[in-house]
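# Structural overview
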Amino acid sequence: MGSRKKVHAFVRVRPTDDFAHEMIKYGDDNKTIDIHLKKDTRRGAVNNQQTDWSFKLDRVLHDASQDLVYEIVAKDVVSQALNGFNGTIMCYGQTGAGKTYTMTGATENYKHRGILPRALQQVFKMIEERPTHAITVRVSYLEIYNESLFDLLSTLPYVGPSVTPMTIVENPQGVFIKGLSVHLTSQEEDAFSLLFEGETNRIIASHTMNKNSSRSHCIFTIYVEARSRTLSDEKYITSKINLVDLAGSERLGKSRSEGRVLKEATYINKSLSFLEQAIIALGDQKRDHIPFRQCKLTHALKDSLGGNCNMVLVTNIYGEAAQLEETLSSLRFASRMKLVTTEPAINEKYDAERMVKNLEKELALLKQELAIHDSLANRTLVNYDPMDESQIAEINSQVRRYLEGTLEEIDIINLRQIQEVFNQFRVVLSQQEQEVESALRRKYTLIDKNDYAAISAVQKAGLVDADGHLVGEPDGQGFGLGVAPFSTKPGKKSKSKKMFKEQLSSSARKEGASSPLSSKDLDVSASKTQLTPSSKDGDVKDMLMRDRETSNTEPLASDSPKEELRPPRPSTPPAKPVAFEDFKNERGSEINRIFKENKSILNERRKRASETTQRINAIKQEIDVTKEALNLQKSLREKQGEYENKGLMIIDEEEFLLILKLKDLKKQYRTEYQDLRDLRAEIQYCQHLVDQCRHRLLTEFDIWYNESFFVPEDLQMALRPGGSIRPGMMPLSKIVSLGEDDQDRFSQLQQTMLPEGPDSVSFYNAKVKMEQKIVKNHRGMEKEMQPTPVLFPGESLGQSLVGCSPWGRRVRHE
Ligand code: ADP
Ligand code: MG
């Protein structure tokens, strides 16, 4: 089903000898009823009073037998109830119009029995016709009188006295009356006796409790529950049929009523008008709130009016002229009811107990199936039950051994075991994390990176720089107080620490406070530090020491005060040759000095080489002259005749002196020649250094030139110590090459997300990410910058490589 359906509204006319034929006319279609009212002469001949009405309903039942009424009104609703649809049949009309007759019928006459006993009969008949289903029937009988609830079946011996007054309760399944007795009836007869019991109670109450039965609403409910006997389906259907005999709808004149009658009048009028309001609201598609809870009647019928149930209204009218007003009012109600649409739906429920049983069965079957598969696959003894503690402990141990490397692999047994293995991986991981952390805590004082108060306290103490790196730690990756960097280890009062700091201050001084140290600058310092002790040259040492002493006497460059002293940037940049001169005197002075120094050493070497060459040439000439003189002496001697004494050649003194001189010259020649060779090697090396220094000077100049006249100042802020870019992390050339967008982003970051500010968390996160990227880039660059080692004569590669940097390295003075 599930489609929308209109409420069926029928009219039943009570037979009377005094039927107002002129006033009430039926249409041939058996659906229309026309009312004609004579003009009220009291209002005068001309008035606007309406006199004719026409109502079209689903069926007009006049002179209809109880049989026919049941056929037309109730049969479908009852049979649908056994398929799971709720149904409501309601009789409305003035007292005496035949509501009770229609609903209950004449109890003394079987033929004239009403809808109620017929419905019970149909239900049991249908149960008999459906042996495949176990269907249970329960009934309850509720009376609402003056907004109080009465159980018309509470007098039965097995119903205990109601402790608390009945209340209407709503739950997801629907509305039910708490405290109302519901009676299981296994056969028609039982059901009838319950009906009679209720009817009798209703009549008795009207006497003993002074109740007027026509002033109360009675709701007889048949509850049906159907489960399939053949299918082990956990699904079952429930439904209820509400058979409602409403209180008389006649307007009770308040003016003439008093006491009990007034009270009844008020309640009935109220509850029926609330019923009408609810019905109007139900008929209005745009309304989403239906005022069900305004009175007991509508509240009790909440899930039986409209909604998902089949609904039928029988409007009982009394066709006498005197009752025409009430007839009109009842017909109006009927036509309103006809506008209401419902969406009948099956009430399907799940039997939890049966569901569990079914699942257990299924599980057992699947286990058998698995066992067959396992035996076919030669996998015996595989257990599919949940693991116990010892099995879990075994898996934990396997995971640990696997992580240690003592277990090659973990055998897969079944899904449950795989899940447990993963589970134990998580357990082991979290245990190890805790162990690592507690080990760190034992050794170090750890500071939370997000705890800015703690960080600033540590910064104040001077233990870490603005970025949380240890002071003196060139490549600090985070906090770790108590880890002394190599340069600050106690007892080592190392020069390197001092020099490192000095270098920092000297660089800061020379480059200006606004410039950060580049990684290259740090390299310079490192190379100096390493090289000095091995240098044999006193002058260089002295020079370096002098340099340090002067830098020591000057205060450390600090950020802000110097920043303010900085000259304002010119609007147009100076010519490059002019700027180059400035650069050589300022930022580039150190490189320039080294460059000049190296150049002068090179020149000096060249000069010495040329002097040596000249000397060698002179010696060579002298050797040649001496050789010639000696040859002359020899030929003279041979001409004069030779003297021999005991086999020894006798030569004169002149010749002997010439021989000695030649020997001496040859020795001189060899020494000078060796010197020349050494000098040439040094010249070659020096030339290399001079070239590299020149290149560095020009590169540095370019960077300085861009930074001084082109790079935005706010970006430079970021580069200053304490700025968002860590000193040395990013080569200036990289920054200079930043695109416009990047620079904008930088400056925005700087302005809005100052460290320690309210938004600093996201700032730090972004910064960390950026730094990681920069570090990566920087490492790549460093590799490229690594110079080819040049060896001094007699120096090993190992020595030469220590802290070597092309411009920091000096040539020994001879
Ligand atoms: P209501 O419940 O609306 O107050 P009842 O059902 O008690 O009215 O009817 C009043 C009287 O009219 C009763 O005696 C009843 O037997 C009789 N009556 C009502 N409708 C019919 C009918 N269709 N055929 C015969 N008798 C009727
Ligand atoms: Mg009645």
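What you are looking at is a predicted structure, and each value in this text was computed from that prediction instead of being measured. (Residues numbered from 1 in each chain as written. Chains lettered and ligands numbered in written order. Predicted model: local features only at pLDDT ≥ 70, side-chain atom pairs only at ≥ 80, totals over all residues. Heavy atoms only, no water.)

The next point concerns the pattern of salt bridges. Where charged atoms from two side chains of opposite charge approach closely, those side chains can pair. Inspection of the entire model under this criterion finds 29 salt bridges. A salt bridge links Lys-235 to Glu-348; the nearest nitrogen and oxygen atoms lie 3.8 Å apart. Separated by 113 residues along the polypeptide, Lys-235 in strand β14 (residues 235-245) and Glu-348 in strand β17 (residues 348-350) bring together distant segments of the chain. For the salt bridge of Glu-700 with Arg-696, the shortest nitrogen-to-oxygen distance reads 3.3 Å. A residue pair is termed a helical-turn pair when its members lie 3 or 4 positions apart in one helix, as Glu-700 and Arg-696 do in helix α18 (residues 653-709) at 4 residues. Exposure class is identical for Glu-700 and Arg-696. Each is buried. (Salt bridge = Lys/Arg side-chain N within 4 Å of Asp/Glu carboxyl O. Helix = DSSP H or I, 4+ residues; strand = E, 2+ residues; numbered from the N terminus. Buried < 20%, exposed > 50% of the residue type's maximum accessible area, 1.4 Å probe, protein only.)

Once that is clear, we can look at the packing of helix α1 (residues 66-81) against helix α3 (residues 115-129). Following both chains from N to C, one finds α1 and α3 inclined at 50°, their axes separated by 10 Å at the closest point. One way to sum up the angle between α1 and α3 is to call them oblique. Viewed along their axes, α1 and α3 form a crossing whose handedness is right-handed. Contacts between α1 and α3 involve Gln-66, Asp-67, Val-69, Tyr-70, Val-73, Ala-74, Lys-75, Val-78 and Ser-79 from the former and Ile-115, Arg-118, Ala-119, Gln-122, Val-123 and Met-126 from the latter. Across the contact of α1 with α3, the residue classes break down as 9 nonpolar, 3 polar and 3 charged. (Axes fitted to C-alpha atoms, helices over the stretch in contact; angles between N-to-C directions. Parallel < 35°, antiparallel > 145°, perpendicular 65-115°, else oblique. Left-handed = near helix turned anticlockwise from the far one by under 90°. Contact = heavy atoms within 4.5 Å. Nonpolar A, V, L, I, M, F, W, Y, C, P; charged D, E, K, R; others polar.)

All residues adjacent to ligand 1 are Arg-12, Arg-14, Pro-15, Gln-94, Thr-95, Gly-96, Ala-97, Gly-98, Lys-99, Thr-100 and Tyr-101. Gly-96 places a main-chain nitrogen or oxygen 2.6 Å from an oxygen atom of ligand 1. Interatomic distance of 3.1 Å between a backbone N/O atom of Gly-98 and an oxygen atom of ligand 1. A total of 550 Å² of accessible area belongs to ligand 1 in isolation, and the protein chains cover 66% of it. Of all elements in the fold, only β2 (8-14) and α2 (99-103) reach the threshold of two or more residues within the shell around ligand 1. Per-element accounting of the shell around ligand 1 gives the leading share, 3 residues, to α2. A breakdown of the residues in the shell around ligand 1 according to their chemical character gives 3 nonpolar, 5 polar and 3 charged. (Near = heavy atom within 4 Å. Polar contact = N/O pair within 3.5 Å; in protein donor to acceptor, adjacent residues only side chain to side chain. Areas by Shrake-Rupley, 256 points an atom, 1.4 Å probe, with all protein chains shown as cover.)

Turning our eyes to something else, we now look at the UniProt feature "coiled-coil region" (unreviewed entry) in the protein. Here the UniProt feature "coiled-coil region" (unreviewed entry) sits at residues 349-376 and 602-629. Note that residues 349-376 is 89% helix and 7% strand, and that its end C-alpha atoms are spaced 41 Å apart. Helix and strand shares over residues 602-629 are 100% and 0% respectively, and the end C-alpha atoms of the span are 40 Å apart. (UniProt positions renumbered as here; feature names shortened; annotations may be inferred.)

By the secondary structure assignment, Thr-671 is in helix α18. On the accessibility criterion, Thr-671 (46% relative accessible area) is partly exposed. Here the alpha-carbon distance between Thr-671 and Ile-616, two residues 55 residues apart in the chain, equals 9.2 Å.

Next up on the list: the sheet that holds strand β4 (residues 32-36). Ordered by their spatial adjacency, 3 strands build an open sheet running β3-β4-β5, and the pairing between neighbours is antiparallel. With one partner strand each, in any of the chains shown, β3 (24-26) and β5 (52-56) form the two edges of the open sheet. Shown here is a sheet whose adjacent strand axes are inclined to one another by a mean of 20°, direction ignored. Bridge analysis of β4 against β5 gives 5 bridges, and the strand direction is antiparallel. What sits directly across from His-36, in β5, is Asp-52. Packed on one face of the sheet, helix α7 (residues 324-339) meets β3, β4 and β5 and runs near 40° to β5. (Pairing = 2+ DSSP bridges.)

Now for the packing of aromatic side chains. Counted by the stated rule, this structure contains 14 aromatic pairs. Where Phe-701 meets Trp-704, the ring centres are 6.0 Å apart and the plane angle is 35°; that geometry is what we call tilted. Placement of the pair is Phe-701 and Trp-704 together in helix α18, with a separation of 3 residues, close to one helical turn. Judged by its relative accessible area of 5%, Phe-701 is buried. On the numbers, 5.5 Å between centres and 40° between planes, the contact of Phe-701 with Tyr-705 is tilted. Of this pair, Phe-701 and Tyr-705 both sit in helix α18, 4 residues apart, which is roughly one turn of that helix. Taken as a pair, Phe-701 and Tyr-705 share a single burial class, namely buried. Among the aromatic residues, ring-to-ring pairing joins Phe-580, Phe-583, Phe-701, Trp-704, Tyr-705 and Phe-709 into one connected group. Of note, Arg-113 hangs over the ring of Tyr-110, and the distance from its end group to the ring centre comes to 3.8 Å. It is Arg-227 that lies over the ring of Tyr-236; its NZ or CZ is 4.0 Å from the centre. (Phe/Tyr/Trp six-rings, centres within 6.5 Å; stacked < 30°, edge-to-face > 60°. Lys NZ or Arg CZ within 6 Å of the ring centre and 35° of its normal.)

Let us now look at helix α11 (residues 452-460). Along α11, the positions that sit buried rather than exposed are Tyr-452, Ile-455 and Val-458. Across the axial projection of α11, the buried residues extend over an arc of 125°, all falling on one side. Facing away from the buried side of α11 by more than 90 degrees, the exposed set consists of Ala-453 and Lys-460. (Arc of directions from axis to C-beta.)

Summarising burial for strand β13 (residues 217-228): 9 of the 12 residues are buried, a large majority. As paired elements, β13 and β14 share 9 bridges and run antiparallel to each other. Within β14, the position partnered with Glu-225 by the bridge is Thr-238.

Glancing now at the nonpolar core. Soluble globular proteins tend to bury their nonpolar side chains together. Ranked by internal contacts, the top residues of the largest apolar core, which has 54 residues, are Ile-33, Ile-35, Met-90 and Leu-275. Top element by residues in this core is helix α5 (residues 260-283). It accounts for 8 residues. Sequence-distant contacts of Met-90, that is, excluding residues within four places in its chain, are made with Met-103, Val-244, Leu-246, Leu-275, Leu-301, Leu-305, Met-311, Val-312, Leu-313, Val-314 and Met-337. The next biggest cluster of nonpolar side chains, apart from the first, holds 44 residues, and it includes Ala-119, Leu-194, Leu-195 and Ala-226. (Core = buried A, V, L, I, M, F, W, Y, C linked by side-chain atoms within 4.5 Å.)

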